[in-house]
Amino acid sequence: MDMISLSTSFGSSGCRDGAALVQSVADAGFSSIELEYRIESPLFHQMVPEMERTGLKVVSVHNYFPIPSIMPHSKGGGDLFLLSHPDKEERLEAIKWSARTIEHANNLEAAAVVLHCGRVEMAPEMKRLRHYFDTGRIDSEEARAFIDQKLQERERVKSIYVDSLLFSIDRLIRIAEKQNIILGLENRYHYHELPGPDEYEILFTEFSGGPIGYWHDMGHAHANEKLGILADGELLKRYSDHLAGIHLHDAVGLDDHRAPGKGEIDFAALRPFLEKDIPLVMELRSATPDSEITEGLRFIRDLMESFQKQTSKDTGKIE
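Counting of residues starts from 1 at the beginning of each chain's written sequence and follows it residue by residue. Totals for whole chains, interfaces and linings use all residues, but because this is a predicted model, local features are given only for residues with pLDDT of at least 70 and pairs of side-chain atoms are given and counted only at 80 or more. Note that the side-chain values use all heavy atoms of the structure and ignore hydrogens as well as water.

Trainee: Summarise the sheet that holds strand β2 (residues 32-35); cite the residues concerned and give the values.
Mentor: A pair of strands is treated as paired once DSSP finds two or more bridges between them. Secondary structure counts use DSSP, requiring at least four H or I residues in a row for a helix and at least two E residues in a row for a strand, with both numbered from the N terminus. Pairing within the closed barrel is parallel, and its eight strands lie in the order β1-β2-β3-β4-β5-β6-β7-β10. The average angle at which neighbouring strand axes cross in this sheet is 30 degrees, direction not considered. With four bridges connecting them, β2 and strand β3 (residues 57-62) associate as parallel partners. What sits directly across from Glu34, in β3, is Ser60. With respect to the sheet, helix α2 (residues 41-54) is in contact with β2 and β3, its orientation differing from that of β2 by roughly 165 degrees. Relative to strand β5 (residues 182-186), helix α6 (residues 159-179) is tilted by about 145 degrees, and along the sheet it contacts β4 (112-115), β5 and β6 (212-217). Under this scheme, a helix contributes an axis fitted over its contacting stretch, all axes are lines through C-alpha atoms, and angles between N-to-C directions fall in the 0 to 180 degree range. In what follows, a contact means two residues having at least one pair of non-hydrogen atoms within 4.5 Å.

Here it is in structure tokens:
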């Protein structure tokens, strides 16, 4: 089966016709789909028979799905409840609704649930950080000193939030095992969010052997690399053995969730990882034009085909 899927992120915001949303995914040439957190229960129920009719397979579900009923006017979000919240009752609420997502994923025969894991509560001063980047001063001595200061602050205060996240994941791991679901922990856009590079090490050590993996978001990683917070390719290099899935999208500077091929990301660097048997999900911004969606899919398929040809050439195998 073609492992390239499309997240409903491109069209779910404000959508009132679930059948049309599913049909648009099929019409774009995809055979599989990721359901994400902007979908309300009534919309989901409209989608189910259309997914059965078109044969679209659900490969992953992005927490919290569908939008929790206790938040009827919410636009949805991966951070509606924080798995890292220091208050136990708040964490239990996050666990309860995450468990509901896991159960839906199992019912849909999906492979994975993508999780946002919360954050370290601090003043991240992202506007100042973006200003350094936008004015071409991100590599200046002043900017580097500021980033070092903020990362040190994060390190000083993070322990209570990391411990709270461990509490939550410990409970979700047990549920995921019973439901035959992998928990994909997504790398986040903002540096104060969890997990950071070192927290992944803690989580994978603590829950070694459990249904947990690294879910790589290309645009988020690119933004942090452009800001000098991460070294180029750092997360994939460190956690390739734990890779559970990839959100494919392009970026220009810090502006991400563009269709693949419409930005500056070097997709060729993904070659070792695109050959893995994992979900590859195009996660595009709302209202991405249909033409860009189909061009993005063609871009990724052409790239994978070129990788396969190069591999055959390198091994002397005749196509």
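Trainee: Tell me about helix α1 (residues 18-27), and please be specific about residues and values.
Mentor: Inspection of α1 places Gly18, Leu21, Val22 and Val25 among the buried residues, and these make up the whole buried set. Projected down its long axis, α1 carries its buried residues within an arc of 95 degrees, all on one side. Check the buried side of α1 and you find it contacts β1 (4-7), β2 and α2. At the C-terminal side of α1, Gly29 shows a positive phi close to 105 degrees. Only protein chains enter the accessibility calculation, which uses a 1.4 Å probe; a residue is then buried when its area is under 20% of its type maximum, exposed when over 50%, and partly exposed in between. Throughout, the arc means that of the directions going from the helix axis to the C-beta atoms.

Trainee: Give me the packing of helix α4 (residues 126-134) against helix α5 (residues 141-157): which residues, what numbers.
Mentor: Look at α4 against α5: their axes get within 11 Å of each other, and the N-to-C directions meet at 150 degrees. It follows from the interaxial angle that α4 and α5 lie roughly antiparallel. For the pair α4 and α5, the crossing hand works out as left-handed. Contact residues: Arg128, Leu129 and Tyr132 in α4; Glu142, Ala143, Phe146 and Ile147 in α5. Of the residues in the contact of α4 with α5, the class split is five nonpolar, no polar and two charged. By the definition adopted for this analysis, an angle is roughly parallel if under 35 degrees, roughly antiparallel if over 145, roughly perpendicular if from 65 to 115, and oblique otherwise. The hand of a helix crossing depends on one turn: near helix anticlockwise from the far one by less than a right angle means left-handed, and clockwise means right-handed. In this classification, Asp, Glu, Lys and Arg are treated as charged, Ala, Val, Leu, Ile, Met, Phe, Trp, Tyr, Cys and Pro as nonpolar, and every other residue, Gly included, as polar.

Trainee: Talk me through the pairing of β4; I want residue IDs and the actual numbers.
Mentor: Along any regular strand, the residues point their side chains to alternate faces of the sheet. Across the two faces of β4 the burial is the same, with Ala112 and Val114 and Val113 and Leu115 all buried. One ladder, built from three bridges, connects β3 with β4; its direction is parallel. Across the sheet, residue Ser60 finds its bridge partner in β4, namely Ala112. Look down the strands so they point away from you; if the path from the first strand over the helix to the second goes clockwise, the crossover is right-handed. In this view, the connection linking β3 to its parallel neighbour β4 by way of helix α3 (residues 88-107) has right-handed handedness. Judged from the four bridges that link them, β4 and β5 form a sheet pairing that is parallel. Residue pairing in the sheet places Ala112 in a bridge with Ile182 of β5.

Trainee: Provide a residue-level description of empty space enclosed by the protein, including the pertinent values.
Mentor: Only protein atoms enter the calculation, which uses a 1 Å grid: trapped sets of points that fit a 1.4 Å probe without letting it out are cavities, open sets showing protein on both sides within 12 Å along at least five of seven lines are pockets, and any residue with an atom within 4 Å of a point is a lining residue. Grid points are joined across faces, edges and corners, and a volume is the space filled by probe spheres set on the points. Counted by the stated rule, this structure contains one cavity of 30 Å³ or more. Each pocket or cavity is described by its volume, and for the largest cavity that value is around 30 Å³. Every residue lining the largest cavity is listed: Leu129, Phe146, Ile147, Lys150, Leu151, Tyr191 and Ile229. If one sorts the elements of the lining of the largest cavity by residue count, α5 sits on top with four residues. Residue composition of the lining of the largest cavity, by class: six nonpolar, no polar and one charged.

Trainee: Describe the side chain of His192, and please don't skip the residues or the numbers.
Mentor: Counting through the fold element by element, His192 comes out in the loop between β5 and α7 (197-206). The residues contacting His192, other than those within four sequence positions of it, are Arg119, Val120, Met122, Pro124 and Arg154.

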